[in-house]
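One-letter residues, chain by chain:
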Amino acid sequence: MPQLLITYHSRTGGTRQMAEAAAEAARAECDTLLLRAEEAGPDHLLAADGYLFAAPENLAALSGEMKEFFDRCYYPVLGRIEGHPYAQMVCAGSDGENAARQTARIATGWRLKKVQPPLIICTHAQTPEAILAEKTIPEADLAKCADIGQALAAGIAMGVF
């Protein structure tokens, strides 16, 4: 059965909620593995047929833990996952564009196939207290995450990508 790997990092819960919503919807379409970035490795990437990467943007960049996942896995899978479909989600306080660009650049190096634009959910957290606080992603935004998970998984299951 085709498999979707959803890899995420979350420090304050926002990205975790987004990844969980995507995984719950994806499971209706294909085998779905949801892993925190520190748990995921090259073998998980090699076993999957497609990927959904979810990360917060920290200080206008991809979160360190998510970047470490990419650093750890990049060369072991280079040239072995070309053409696999991917999508991405970013949980940001204000912008999210740079984290999305960084992930897209890594995916380009792997020669993955982008199947939709990045979904950026903005929490509008701008003070130190708000940035460090646990996040609650609104249901309407979680529905967008679920849509991405379901669509990506359905495409993988049907062989569309």
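The rules behind each value
Residues numbered from 1 in each chain as written. Predicted model: local features only at pLDDT ≥ 70, side-chain atom pairs only at ≥ 80, totals over all residues. Heavy atoms only, no water. Phe/Tyr/Trp six-rings, centres within 6.5 Å; stacked < 30°, edge-to-face > 60°. Helix = DSSP H or I, 4+ residues; strand = E, 2+ residues; numbered from the N terminus. Buried < 20%, exposed > 50% of the residue type's maximum accessible area, 1.4 Å probe, protein only. Pairing = 2+ DSSP bridges. Right-handed = clockwise from strand over helix to strand, strands pointing away. Contact = heavy atoms within 4.5 Å. Axes fitted to C-alpha atoms, helices over the stretch in contact; angles between N-to-C directions. Parallel < 35°, antiparallel > 145°, perpendicular 65-115°, else oblique. Left-handed = near helix turned anticlockwise from the far one by under 90°. Nonpolar A, V, L, I, M, F, W, Y, C, P; charged D, E, K, R; others polar. Patch = residues over 30% accessible without salt bridge, like charges linked within 9 Å, V, L, I, M, F, W, Y side chains within 5 Å. Areas by Shrake-Rupley, 256 points an atom, 1.4 Å probe, with all protein chains shown as cover. Salt bridge = Lys/Arg side-chain N within 4 Å of Asp/Glu carboxyl O. Lys, Arg positive; Asp, Glu negative; His and termini not counted. Polar contact = N/O pair within 3.5 Å; in protein donor to acceptor, adjacent residues only side chain to side chain.

Participant: Which residues make up the packing of aromatic side chains, and what are the values?
Facilitator: Scanning the entire structure with this criterion turns up 9 aromatic pairs. Taking the centre distance of 5.8 Å and the plane angle of 65° together, the rings of Phe70 and Trp110 count as edge-to-face. Of the two residues, Phe70 sits in helix H3 (residues 64-77) while Trp110 sits in helix H4 (residues 97-110), which places them 40 residues apart along the sequence. Under the relative-accessibility criterion, Trp110 is labelled buried at 1%. Put simply, the rings of Tyr51, Phe53, Phe69, Phe70, Tyr74, Tyr75, Tyr86 and Trp110 touch in pairs and so form one group of aromatic residues.

Participant: So, unusual backbone geometry: which residues are in play, and what are the values?
Facilitator: Look at Arg111: it is not a glycine, yet its phi comes out positive at around 60°. Assignment of secondary structure puts Arg111 in the loop between H4 and strand E6 (113-114).

Participant: Before we move on, can you summarise the pairing of strand E2 (residues 31-36) with the specific residues and values?
Facilitator: Two elements, strand E1 (residues 3-8) and E2, share 6 bridges in a ladder whose sense is parallel. What sits directly across from Thr7, in E2, is Leu35. A crossover connection joins E1 to the parallel E2 through helix H1 (residues 14-26); in handedness this β-α-β unit is right-handed.

Participant: Let's hear about the environment of Leu5: which residues, and what values?
Facilitator: Take Leu5: it is sitting in strand E1. As for Leu5 and Gly50, which are separated by 45 residues in sequence, their C-alpha atoms are 6.3 Å apart. Apart from the residues within four sequence positions on either side, Leu5 is in contact with Leu33, Leu35, His44, Leu45, Ala48, Gly50, Tyr51 and Leu52.

Participant: Go over the side chain of Gln3 with me, naming the residues and quoting the values.
Facilitator: When you line up the elements, Gln3 lands in strand E1. Contacts of Gln3, omitting those with residues within four sequence positions, involve Cys30, Asp31, Leu33, His44, Ala47, Ala48, Asp49, Gly50 and Ile156.

Participant: I'd like to hear about the packing of H1 against helix H6 (residues 139-158), residue by residue, with values.
Facilitator: Taken N-terminus to C-terminus, the directions of H1 and H6 make an angle of 45°; their axes are 7 Å apart at the nearest point. Relative to H6, the element H1 lies oblique. In this structure, the crossing between H1 and H6 has a hand that is right-handed. Listed contacts from H6 to Gln17, Met18, Ala21, Ala22, Ala25 and Ala26 of H1 are Leu142, Cys145, Ala146, Gly149, Gln150 and Ala153. For the contact of H1 with H6, a count of residues per class yields 9 nonpolar, 3 polar and no charged.

Participant: Let's hear about a nonpolar patch on the surface: which residues, and what values?
Facilitator: On the surface, Met158, Val160 and Phe161 cluster together to form a nonpolar patch covering roughly 310 Å² of accessible area. Relative to the assigned elements, Phe161 resides in the segment after H6.

Participant: So what about the side chain of Lys135? Which residues, and what values?
Facilitator: Looking at the secondary structure, you find Lys135 in the loop between helix H5 (128-132) and H6. Among buried charged residues, Lys135 stands out as having no salt bridge; its nearest opposite-charge side chain is Glu134, 7.6 Å away. Polar contacts involving the side chain of Lys135 include one to the main-chain carbonyl oxygen of Ile131, which spans 2.7 Å. Beyond its immediate stretch of four places on either side in the chain, Lys135 contacts Thr12, Gly14, Gln17, Thr123, Ala125 and Ala130.

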